[in-house]
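# Structural overview for review
One letter stands for each residue in the lines below.
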Amino acid sequence: MGPIRKFKRRKKAEKKVDQNVLAADASLQQPQLEPLDWWDDFSNRITGPLSESKNSKTFESIFKMSRKTFNSICSLVREDMMARNSNFSDSSGRHLSLNDQVAIALRRLGSGESLSTVGESFGLNQSTVSQITWRFVEAMEERGLPHLCWPSTEAEMGEIKAKFEKIGGLPNCCGAIDTTHVVMTLPTMDPSNDVWIDREKNYSMILQVVVDPKMRFRDVIAGWPGSLSDALVLKSSGFFKLTEEGKRLNGKKLELAEGAELREYIVGDAAFPLLPWLLTPYQGKSLSDLQAVFNKRHSATRKVAQMALARLKERWRIIRGVMWMPDKNRLPRIVLVCCLLHNIVIDMEDEMLDEMPLSHQHDSDYRQQICESVDDTASLMREKLSLYLSGKLPP
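As the structure is a computational prediction, the values presented were derived from the model and not from experiment. (Residues numbered from 1 in each chain as written. Predicted model: local features only at pLDDT ≥ 70, side-chain atom pairs only at ≥ 80, totals over all residues. Heavy atoms only, no water.)

Moving on, we get to the overall build of the chain. Looking only at helices and strands, the chain has 14 helices and eight strands in total. Per-residue burial for the chain yields a buried fraction of 48% across its 395 residues. For the chain, the computed accessible surface area is about 20300 Å², with 50% contributed by carbon and sulfur atoms. (Helix = DSSP H or I, 4+ residues; strand = E, 2+ residues; numbered from the N terminus. Buried < 20%, exposed > 50% of the residue type's maximum accessible area, 1.4 Å probe, protein only. Areas by Shrake-Rupley, 256 points an atom, 1.4 Å probe, with all protein chains shown as cover.)

Shown next as structure tokens:
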């Protein structure tokens, strides 16, 4: 009996060792996993306005994204956010996990609520909300940029052209450009702030975007003061420089008819100059039928950029309202991260996109700017395209 009992004891020990090894191996493969009931646990700790609102326990109702997208964002920023030691905790002294921190940052960016309001909702002080949000912004800047890039292959650009042509009937179109204003409150007594006063007498910062047919941002520039015209912001941008140097919109030309070719281009409204690679609508009240047809197709194509900016501001409300005394050096980085998050939601094919209303109003209090700059080559190109669209271009 002795050897048998000894044998059993050894088997138990081996079994215990095996389980420990398996547990250690699993922890190495899946570091810092959140518990399956993370949201249930976290939502129970929410206090203030969120806990009192209808459907406050529903993740999607608060963050306007699916758990799948949220988890993807957490994975994206995990390494950077967890690399630095932090002792973030809520009012009860409970340590804030990675998921907790990402949720807090997304709530701040998505709601546009003040630091104090967000803090009250999550049982945190303003300083903690600010630090967590900024750490998230820095991590997104580092890890999220692959979600915002110019098409890198001919096949990718070909797909974009085909979708734009399906939308508005414009062939060889590669993008739609538009700008919007991020309005701020700044001290009026400081003369150095006058450069931020725009045409509508608001303090504002300009965001310029180039958009593809899926409303994904392909090029972004933020940070120029509101006093600048859209045309001047464009000419000051890297996109303008790259295109003028032949490094963008330099792909296949489309033969409209013998001797008439159409290069790659983007479309923009009357605030932009008419350039060989940027087609704007015809101006004036007495337009020919040919010009009216072009403008109609042009407007349908350009509306994609308007809707993208409207959705950006609706989804990430920190840049929709009037920002109170923002850090003007940090604000462009916050705007960029909102654009990255906008693209990630699209890239994830998030079902919550279907729940968002489609609008093209993103600067409703701003009047249309008019740029008088016209390039002769671009004018001829637009005329030939208009003839082509009307079936009147000679073969």
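A complete count under the given rule lists one cavity of 30 Å³ or more for this structure. One number sums up the size of the largest cavity: a volume of about 50 Å³. The wall of the largest cavity is formed by Arg311, Arg315, Trp316, Leu341, His342, Val345, Ile346, Leu353 and Met356. Elements with a contribution of two residues or more to the lining of the largest cavity: α12 (289–315) and α13 (331–347). No other element matches α13, which puts four residues into the lining of the largest cavity. (1 Å grid on protein atoms, 1.4 Å probe; cavity = no way out; pocket = protein on both sides within 12 Å on 5 of 7 lines; lining within 4 Å. Points joined across faces, edges and corners; volume = space filled by probe spheres on them.)

So, on to the layout of surface pockets. The computed volume of the largest pocket comes to approximately 510 Å³. For the largest pocket, the lining is made up of 21 residues, of which Arg108, Leu115, Ile318, Met323 and Trp324 are closest to its centre. Residue assignment for the lining of the largest pocket shows that the elements contributing at least two residues are α8 (126–143), β8 (322–324) and α13. The residue makeup of the lining of the largest pocket, split by class, is 10 nonpolar, six polar and five charged. When residues of the lining of the largest pocket are assigned to domains, at least three fall in each of domain 1 (61–146) and domain 2 (149–390). (Nonpolar A, V, L, I, M, F, W, Y, C, P; charged D, E, K, R; others polar. Domains from an automatic or database assignment.)

Relative to the helices and strands, glutamine 369 resides in the loop between α13 and α14 (376–389). Looking at glutamine 369, its side chain comes within polar contact range of the main-chain nitrogen of aspartate 230, at 3.1 Å. Residues within four places of glutamine 369 in sequence aside, it is in contact with Arg199, Ser229, Asp230, Ala270 and Ala271. (Polar contact = N/O pair within 3.5 Å; in protein donor to acceptor, adjacent residues only side chain to side chain. Contact = heavy atoms within 4.5 Å.)

Our focus in this paragraph is the pairing of strand β1 (residues 173–185). Most of β1 sits out of view: 12 of its 13 residues are buried. Across three bridges, β1 lies against strand β6 (residues 265–267) in parallel orientation. For alanine 176, the partnering residue across the bridge sits in β6 and is valine 267. Examined bridge by bridge, β1 and strand β2 (residues 203–211) share nine bridges and lie antiparallel to one another. In the sheet register, methionine 184 faces β2, and the bridge partner there is tyrosine 203. Where β1 meets β8, three bridges bridge the pair, whose relative direction is parallel. (Pairing = 2+ DSSP bridges.)

Our focus in this paragraph is the packing of aromatic side chains. Inspection of every chain in the model, using the stated rule, returns nine aromatic pairs. Pairing phenylalanine 240 with tryptophan 277 gives two aromatic rings, centres 5.7 Å apart and planes at 65°, and the pair type is edge-to-face. With phenylalanine 240 in helix α11 (residues 238–244) and tryptophan 277 in the loop between β6 and β7 (278–279), the pair connects residues that are 37 residues apart, well separated along the chain. Positioned above the aromatic ring of tryptophan 316, the side-chain terminus of arginine 315 is 3.9 Å from the ring centre. (Phe/Tyr/Trp six-rings, centres within 6.5 Å; stacked < 30°, edge-to-face > 60°. Lys NZ or Arg CZ within 6 Å of the ring centre and 35° of its normal.)

With that settled, the discussion passes to the pairing of β2. Taken across its nine residues, β2 has nine buried, putting it largely inside the fold. Of the two faces of β2, the one holding Tyr203, Met205, Leu207, Val209 and Val211 and the one holding Ser204, Ile206, Gln208 and Val210 are both buried throughout. Between β2 and strand β3 (residues 217–225), which follow one another and run antiparallel, lie five residues, and methionine 215 among them has a positive phi close to 65°.

All right, on to the side chain of threonine 243 then. As for its position among the elements, threonine 243 is in helix α11. Apart from the residues within four sequence positions on either side, threonine 243 is in contact with Arg248, Leu249, Arg263 and Trp277.

Ranked by internal contacts, the top residues of the largest apolar core, which has 96 residues, are Val102, Phe136 and Phe217. Residue contributions to this core peak at nine residues, all from α13. Each of domain 1 (61–146) and domain 2 (149–390) gives at least three residues to this core. Other than its neighbours up to four places away in sequence, phenylalanine 217 contacts Leu148, Val209, Val210, Val211, Ala308, Leu309, Leu312, Cys339, His342 and Asn343. (Core = buried A, V, L, I, M, F, W, Y, C linked by side-chain atoms within 4.5 Å.)

Let us look at α8. The end-to-end C-alpha distance of α8 is 26 Å, a good match for the 26 Å that 18 residues give at a rise of 1.5 Å each. Among all positions of α8, only Thr128, Val129, Ile132, Thr133, Trp134, Arg135, Phe136, Val137, Ala139, Met140 and Glu141 are buried. Against α5 (67–83), α6 (98–111), α7 (115–122) and α13 lie the buried residues of α8. (Expected span 1.5 Å × (residues − 1).)

Okay, the environment of tryptophan 324 next. By the element assignment, tryptophan 324 lies in strand β8. Overall, tryptophan 324 belongs to the exposed group, its relative accessible area being 67%. Linking tryptophan 324 and leucine 186, residues 138 residues apart in sequence, is a C-alpha distance of 7.3 Å.

All right, on to the state of the cysteines then. As enumerated under the stated definition, the model contains zero disulfides in all. Lacking any disulfide linkage, cysteine 174 is separated from the closest cysteine sulfur, that of cysteine 173, by 6.5 Å. (Disulfide = S-S within 2.5 Å.)

Turning our attention to the packing of α6 against α8. When two helices pack together, you describe them by how their axes are tilted relative to each other and by the distance separating the axes. Packing of α6 against α8 leaves a shortest axis separation of 9 Å and a crossing angle of 95°. Looking at the two axes, α6 sits roughly perpendicular to α8. Residues Gln101, Val102, Ile104, Ala105, Leu106, Arg108 and Leu109 of α6 form the contact with α8, whose participating residues are Val129, Ile132, Thr133 and Phe136. Grouping the amino acids of the contact of α6 with α8 by side-chain chemistry returns eight nonpolar, two polar and one charged. (Axes fitted to C-alpha atoms, helices over the stretch in contact; angles between N-to-C directions. Parallel < 35°, antiparallel > 145°, perpendicular 65-115°, else oblique.)

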